[in-house]
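Inside the fold
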Amino acid sequence: MKPIEEQVVVITGASSGIGRAVALGFARRRASLVLAARNEAALDEVVREVERLGGRALAVRTDVSEWQQVKRLADAAEARFGRIDTWINNAGINEHATVADMTIEEIERIIQVDLMGYIYGMKAALEPMRRRRQGAIINVASIVSLRAAPLHAPYVASKHGIAGFTEALRMELVHEKMPIRLTMVMPSFIDTPLFLNSRSRLGVQPRPVPPVYSPETVVESVLFAAEHPRRDIIVGGQGALVALLQRISPALLDRLMVAGGLMFRTQKTDKPDNGYDNLYQPTPGTGSVTGAWTDESLSYSWYTRHIEHYPHRKLLLLGALGAAACLALRPRPARLDGL
Ligand SMILES: NC(=O)c1ccc[n+]([C@@H]2O[C@H](COP(=O)([O-])OP(=O)(O)OC[C@H]3O[C@@H](n4cnc5c(N)ncnc54)[C@H](OP(=O)(O)O)[C@@H]3O)[C@@H](O)[C@H]2O)c1
């Protein structure tokens, strides 16, 4: 894989949150960027920030729920920079509500943006990458790709769908010896405007479940994946623990997550909902990287930086945990005291 400095990188959802932070991260490394989202004013602001950092960027207004627009984005990237080295699917929306409270239209819209938007991105990136027999596609999925959480079922379904589509496509590329890398980056809960942009039927403003991580934690893993071929990267130790428990006993995890209403309580603030959402139109203004939880967010994840990025270390850690569990649970000989 080329050094980031030599890469042409397309990023969807670059006007806000993780996508915007990732764009600035690539700009600091002098990559050439093509930035997509619906809010043109916010995209133009990101282009200016990229240029201040010494990078160069093209903004392409794109609604990822429309195949033709995503195809046009890929064409614009090739026309401007001649190739696409890394394509980052990241644009996403959410709604916080029970399935009973959501309309079918809302469910369809979330799946159209959060799943079909990623599928369109993969399809659009593949054509130019296949022609050059090189490239990397990074899908910013979520820890809910591995383990569901209540109160946003269509979002969870989309993230599970991304995992399945990515895995199937990866096998096809391996089968035909096509050197295009596919990585899923799966963040835990991150301090971004996602929760302020979410449609809420909870009666209150939703929030990320603690511990909350900074967008920079995701930037670090996305940039790492752009230079090092990795299959999956979980961002945040909390997510890794959830993924481990899911492997050991999904039924136990169900109980832990609903015990005392845990995953229902922790996704709510006590503030009234702000009353807007970005399901069908972008949030007005020039956007921002962070949400409303910067004071409590962890600036980096030791686990992700030192373990998750290196699969052999992860294997060693899992082996050590398994051995410790076997030792702790081994049958002990009956005590013969008093005989
Ligand atoms: N924050 C978290 O806790 C968290 C955790 C795990 C995974 N993620 C994932 O990270 C990704 C980025 O989310 P975020 O947290 O950074 O949220 P965010 O701040 O709300 O950013 C979402 C981005 O997606 C864009 N977008 C939404 N609908 C779009 C559409 N139809 N077409 C094109 N762009 C669209 C938005 O731009 P416009 O409104 O300008 O179009 C914005 O740039 C999402 O896929 C999310 O699922 C987030």
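Look above for the structure.
The following refers to the structure shown. (Residues numbered from 1 in each chain as written. Predicted model: local features only at pLDDT ≥ 70, side-chain atom pairs only at ≥ 80, totals over all residues. Heavy atoms only, no water.)

Observations concerning the pairing of strand β6 (residues 135-140)
Counting buried positions along β6 yields six of six residues, so the element is predominantly enclosed. Going residue by residue along β6, you find Gly135, Ile137 and Asn139 tucked away on one face and Ala136, Ile138 and Val140 tucked away on the opposite face as well. By the bridge criterion, four bridges tie strand β4 (residues 86-89) to β6 in an arrangement that is parallel. Bridging from a neighbouring strand, Thr86 pairs with Ala136 of β6. The pairing of β6 with strand β7 (residues 180-187) spans six bridges and is parallel. Paired with Val140 across the strands is Val185, a residue of β7. (Buried < 20%, exposed > 50% of the residue type's maximum accessible area, 1.4 Å probe, protein only. Helix = DSSP H or I, 4+ residues; strand = E, 2+ residues; numbered from the N terminus. Pairing = 2+ DSSP bridges.)

A few points about the pattern of salt bridges
Applying the stated criterion to the full structure yields 23 salt bridges. Its salt-bridge partner being Lys71, residue Glu127 comes within 4.0 Å of it at the nearest N-O pair. Of the two residues, Glu127 sits in helix α4 (residues 104-132) while Lys71 sits in helix α3 (residues 67-81), which places them 56 residues apart along the sequence. For Glu308, the salt bridge goes to Lys314, with nearest N and O atoms at 3.1 Å. Look at Glu308 and you get buried, because its relative accessible area is 3%. Among the charged side chains, a network of salt bridges with common partners joins Lys71, Asp75, Glu78, Glu127 and Arg131. (Salt bridge = Lys/Arg side-chain N within 4 Å of Asp/Glu carboxyl O.)

Section: the site of the ligand
Close contacts around the ligand come from 34 residues, with Ser16, Ile18, Arg38, Tyr155 and Thr192 the closest. Arg38 is positioned such that a nitrogen or oxygen atom in its side chain is 2.7 Å from an oxygen atom of the ligand. A distance of 3.2 Å separates an oxygen atom of the ligand from a polar atom in the backbone of Gly92. Against a free-state accessible area of 880 Å², the protein chains account for coverage of 98% of the ligand. Mapped by element, the contributors of at least two residues to the shell around the ligand are α1 (17-28), α4, α5 (153-175) and α6 (194-197). In the shell around the ligand, the residues fall into 18 nonpolar, twelve polar and four charged. (Near = heavy atom within 4 Å. Polar contact = N/O pair within 3.5 Å; in protein donor to acceptor, adjacent residues only side chain to side chain. Areas by Shrake-Rupley, 256 points an atom, 1.4 Å probe, with all protein chains shown as cover. Nonpolar A, V, L, I, M, F, W, Y, C, P; charged D, E, K, R; others polar.)

Focus on the sheet that holds strand β9 (residues 232-235)
Sheet architecture is open: seven strands sit in the order β3-β2-β1-β4-β6-β7-β9, paired in parallel fashion. The strands lining the two open edges of the sheet, one partner per strand, are β3 (56-61) and β9. The mean inter-strand angle of the sheet, taken between neighbouring strand axes irrespective of direction, is 15°. Together, β2 (32-37) and β3 form the strand contacts of helix α2 (residues 40-52), whose direction differs from that of β3 by roughly 175°. Contacting β6, β7 and β9, α5 runs over the sheet at an angle of about 160° to β7. (Axes fitted to C-alpha atoms, helices over the stretch in contact; angles between N-to-C directions. Contact = heavy atoms within 4.5 Å.)

Points about unusual backbone geometry
Residue Pro211 is bonded to the preceding Pro210 through a cis peptide linkage, with omega at 0°. As for its placement among the helices and strands, Pro211 is situated in the loop between β8 (199-200) and α7 (215-227). Positive phi, normally seen in glycine, also occurs at Leu151, with a value near 75°. Along the polypeptide, Leu151 turns up in the loop between β6 and α5. The buried category is assigned to Leu151, whose relative accessible area is 8%.

Details of a nonpolar patch on the surface
A contiguous nonpolar surface patch, about 230 Å² in accessible area, is contributed by Leu317, Leu318 and Leu321. For Leu321, the position within the fold is in helix α12 (residues 311-329). Among the residues examined, Leu321 registers a relative accessible area of 43% and is labelled partly exposed. (Patch = residues over 30% accessible without salt bridge, like charges linked within 9 Å, V, L, I, M, F, W, Y side chains within 5 Å.)

Looking at α3
Here α3 spans 21 Å end to end across 15 residues, near enough to the 21 Å set by a 1.5 Å rise per residue. Those residues of α3 lying buried are Val70, Leu73, Ala74, Ala77, Glu78 and Phe81. The buried residues of α3 occupy one face: seen down the axis, they fall within an arc of 130°. Summarising the geometry of α3, the exposed residues directed more than 90 degrees from the buried face are Gln68 and Ala79. Looking at the buried positions of α3, the neighbouring elements they touch are β1 (8-12), β2, β3, β4 and α4. Backbone geometry just downstream of α3 places Gly82 in the positive-phi region, at approximately 85°. (Expected span 1.5 Å × (residues − 1). Arc of directions from axis to C-beta.)

All we've got here are geometric facts, nothing functional implied.
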